[in-house]
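Structure at a glance
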Amino acid sequence: MSITTSQDQSAPAKPQKPPLKPVNKGDLPVLPTTYHRYRRGIQFACFLIFVALPFFNIMRFDIPRERFYFAGYELWINEFAIIFFALLFLLYVIVAASMLYGRVYCGYMCPQMIFSEASLSLEERLKKFINKKLIKINPKKRQMIVRGAFYLLTAVASVFLAFVFISYFVEPRDLLSRLLSLDIRTTGGISGAATTLFVFLDFAFVRQHFCTTVCPYGYLQGMFGDKNTLIVQYRDPGNDCIECKKCVRVCHMGIDIRVSPYQMECIHCGECVDACVDVLARFGKEGLIHYAWGEQGKLLTDKKVPWHHRLGLRDAKRVAVLLILLFYASGLTVALSMRNNVLVKIMPVRSSLYRIGDDGRIYNRFRMTIANRQARDAEVMLSLKDLPGASIDLQLPLKLKPAETIQQEFDIAVPAATLPQGVNHFSFISRVSPDNDSENFEMTFITPTERKTR
Ligand code: SF4
Ligand code: SF4
């Protein structure tokens, strides 16, 4: 699929056509639910999700504490494999969605687009409100008041959005205390102030230009899509376009979809679809702009196509992508469910094989690491199997606070002559509460091959 830009195309010349006649208002067809309304609903839900993700630790990279929160799990940075697997899964979801549904993420879910459109709408509403309320004031002053009010409200919104954004990387309560103390001296405070400024400039001035200049996703779209990907397309077999240009006026990306369905600026938002349906319904005609499965493919609204085609599963490649996605998701779920909330590791310390104590008993040394990778207290109990008469020289159970790590060396003591000489195999059994997890660690206990007397 080749992507074009609106600048390098010009609208094709239209042949002459008979004029369309307007229909009576009472005869106007009832319009279907508009994509505009769908978008507003989805965008609002996405906004709530964007705010909720870091606050409920559903997805958050806590840089100071070196933790990655994902789907309710608190992953430690040393669990790199599972973090990498989770991030790769998210990337794969975006690529698969782009392949099936084109730039639906840009048009319906991207925070940059949501806030850019909110900023445009705020400016428009302020203009209308102030022009109506301050009709007697000179227009130049009114314009200044509109600008001032817009910048003020955008600045307040920027503080909130920057706060949410940084919460993805810093604990929100810690961040709030920095914000309330107006900290602009520490690294955290300075990055917070810089992010707020960046967000303000973005939503006050840059807005959708970000999508066509900075964001790489639009450029990559050409690589993901193919002849079956969902696109927004102008089809006019009956030569019905009345050249009203409403589709161009409503387009926030400033393009004319009639030029080509593959313009890089098009975010597949569907606003032009609604605009054309609205205009041509007044002449008793159907809209000329549609969501379609590829340039030659069926329309999204075509009810005759089988259900799996309507969901986007239009060829073997797409079915394979879906299966890989499901396989990936199951693997990730299994990996997360097999992960222990409390990590217990026991290793022998072999700087000396054994030690004979003043009490005549034989000692072997071990090192234990316990990490409580959850948000509640934990207790770890240790016991021995297949080591008769042995005792653990350690105060048990070990108690750990949330996120606490303990590293401790301890001895196992066995009365002399209880065990055969040489290497004796035994196991440690760890029991974690309240999780009720238990683990077996196979070890060896070494006794002198020739008994020494003290
Ligand atoms: S051309 Fe239509 S679908 Fe594309 S960005 Fe503009 S309004 Fe949205
Ligand atoms: S809104 Fe429809 S009728 Fe009007 S210019 Fe666009 S395609 Fe033509």
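Only a predicted model underlies this, so the values are computations on that prediction, with no experimental measurement involved. (Residues numbered from 1 in each chain as written. Chains lettered and ligands numbered in written order. Predicted model: local features only at pLDDT ≥ 70, side-chain atom pairs only at ≥ 80, totals over all residues.)

Observations regarding the overall build of the protein chain
From N to C terminus, the protein chain includes 13 helices and 14 strands. Here the protein chain has a C-alpha radius of gyration of 33 Å; the compact-globule value for 454 residues is 22 Å, and the former is much larger. In terms of overall dimensions, the protein chain has C-alpha extents of about 115 × 60 × 40 Å along its principal axes. Counting the 454 residues in the protein chain, one finds 24% classified as buried. For the protein chain, long-range pairs separated by at least 24 residues make up 68% of all intrachain contacts whose partners lie at least 6 apart in sequence. (Helix = DSSP H or I, 4+ residues; strand = E, 2+ residues; numbered from the N terminus. Rg over C-alpha atoms; globule rule 2.2 N^0.38 Å. Buried ≥ 20, exposed ≤ 12 C-beta atoms within 10 Å, placed from the backbone. Contact = placed C-beta atoms within 7 Å.)

Digging into the sheet that holds strand β3 (residues 73-76)
With antiparallel pairing, the 3 strands of this open sheet are ordered in space as β1-β2-β3. The open sheet terminates on both sides in strands that have one partner only, identified here as β1 (59-62) and β3. Taking each pair of neighbouring strands and ignoring which way they run, the sheet shows an average axis angle of 15°. (Pairing = 2+ DSSP bridges. Axes fitted to C-alpha atoms, helices over the stretch in contact; angles between N-to-C directions.)

Comments concerning the site of ligand 1
What surrounds ligand 1 is a group of 13 residues, the closest being Cys 251, Ile 257, Cys 266, Cys 269 and Cys 272. Tallied by class, the residues present in the shell around ligand 1 amount to 10 nonpolar, 2 polar and 1 charged. (Near = placed C-beta within 6 Å. Nonpolar A, V, L, I, M, F, W, Y, C, P; charged D, E, K, R; others polar.)

Some remarks on the pairing of β3
In this sheet, β3 lies alongside strand β2 (residues 67-70) in antiparallel orientation, the contact comprising 4 bridges. By the bridge assignment for β3, Phe 68 is matched with Leu 75. With antiparallel pairing between neighbouring strands as the criterion, β2 and β3 make up a hairpin whose turn holds 2 residues, including Ala 71 at a positive phi of roughly 50°.

Digging into helix α5 (residues 139-167)
For α5, which comprises 29 residues, the first-to-last C-alpha distance of 42 Å matches the rise-based estimate of 42 Å (1.5 Å per residue) to within 8%. For α5, the secondary structure elements touched by its buried residues are α1 (35-55), α4 (111-133), α6 (172-180) and α7 (187-206). (Expected span 1.5 Å × (residues − 1).)

Digging into the site of ligand 2
Around ligand 2, the surrounding shell holds 15 residues, and the nearest of these are Cys 241, Cys 244, Lys 246, Cys 247 and Cys 276. A per-class count over the shell around ligand 2 returns 11 nonpolar, no polar and 4 charged.

A look at the environment of Ala 378
With respect to the helices, strands and loops of the structure, Ala 378 is situated in strand β9 (residues 378-385). Exposure remark for Ala 378: the 23 C-beta atoms within 10 Å place this residue in the buried category. Residues Ala 378 and Pro 397 lie 19 residues apart in sequence; the distance between their C-alpha atoms is 9.8 Å. With near-sequence residues (within four places) excluded, Ala 378 lies in contact with Val 342, Asn 372, Leu 400 and Val 432.

A word on the domain arrangement of the protein chain
Parsing the protein chain into structural domains produces domain 1 (6-330) and domain 2 (342-447). The straight-line distance from the C-alpha centre of domain 1 to that of domain 2 is 56 Å. (Domains from an automatic or database assignment.)

Some thoughts on helix α11 (residues 271-281)
Most of α11 sits out of view: 8 of its 11 residues are buried. Buried within α11 are the following residues: Glu 271, Cys 272, Val 273, Asp 274, Ala 275, Cys 276, Val 277 and Leu 280. Here the buried face of α11 lies against α1, β4 (230-234), α10 (246-249) and β5 (289-293).

Examining the confidence of the model for the protein chain
In this model, the protein chain carries an average pLDDT of 87, and 92% of its residues clear a pLDDT of 70 or more. Across residues 5-11 the pLDDT falls below 50, and counting only partners more than four positions away or on other chains, this stretch makes 14 contacts in the model. (pLDDT = per-residue confidence, 0-100.)

Section: the sheet that holds strand β14 (residues 437-447)
Pairing is antiparallel in the open sheet, where 4 strands are placed in the order β11-β9-β13-β14. The open sheet has two edge strands, β11 (398-400) and β14, and neither has a second partner. Recorded for the sheet is a direction-independent mean angle of 25° between the axes of neighbouring strands. The pairing of β9 with strand β13 (residues 422-433) spans 7 bridges and is classified as antiparallel. Pairing of Glu 379 across the sheet is with Ser 433, part of β13.

Re the nonpolar core
The biggest cluster of nonpolar side chains holds 33 residues, and the ones touching the most others in it are Ile 257, Cys 272, Cys 276 and Ile 289. For this core, the elements supplying multiple residues, two or more each, are α2 (80-101), α3 (104-109), β4, α11 and β5. The leading source of residues in this core is α11, at 6 residues. Sequence-distant contacts of Ile 257, that is, excluding residues within four places in its chain, are made with Val 232, Tyr 234, Cys 247, Cys 266, Cys 272 and Ile 289. Of all hydrophobic cores here, the second largest spans 17 residues; its members include Ile 370, Ala 378, Leu 400 and Phe 428. (Core = buried A, V, L, I, M, F, W, Y, C linked by C-beta atoms within 7 Å.)

A closer look at the packing of α4 against α5
Contact pair α4 / α5: the axes reach a minimum separation of 9 Å and the direction vectors enclose 145°. Remark: the crossing between α4 and α5 carries right-handed chirality. Within the contact between the two elements, α4 uses Phe 115, Ser 119, Leu 122, Glu 123, Leu 126, Lys 127, Ile 130 and Asn 131 and α5 uses Arg 142, Ile 145, Val 146, Ala 149, Phe 150, Leu 153, Thr 154 and Leu 161. Each residue belonging to the contact of α4 with α5 can be placed in one class, and the counts come to 10 nonpolar, 3 polar and 3 charged. (Left-handed = near helix turned anticlockwise from the far one by under 90°.)

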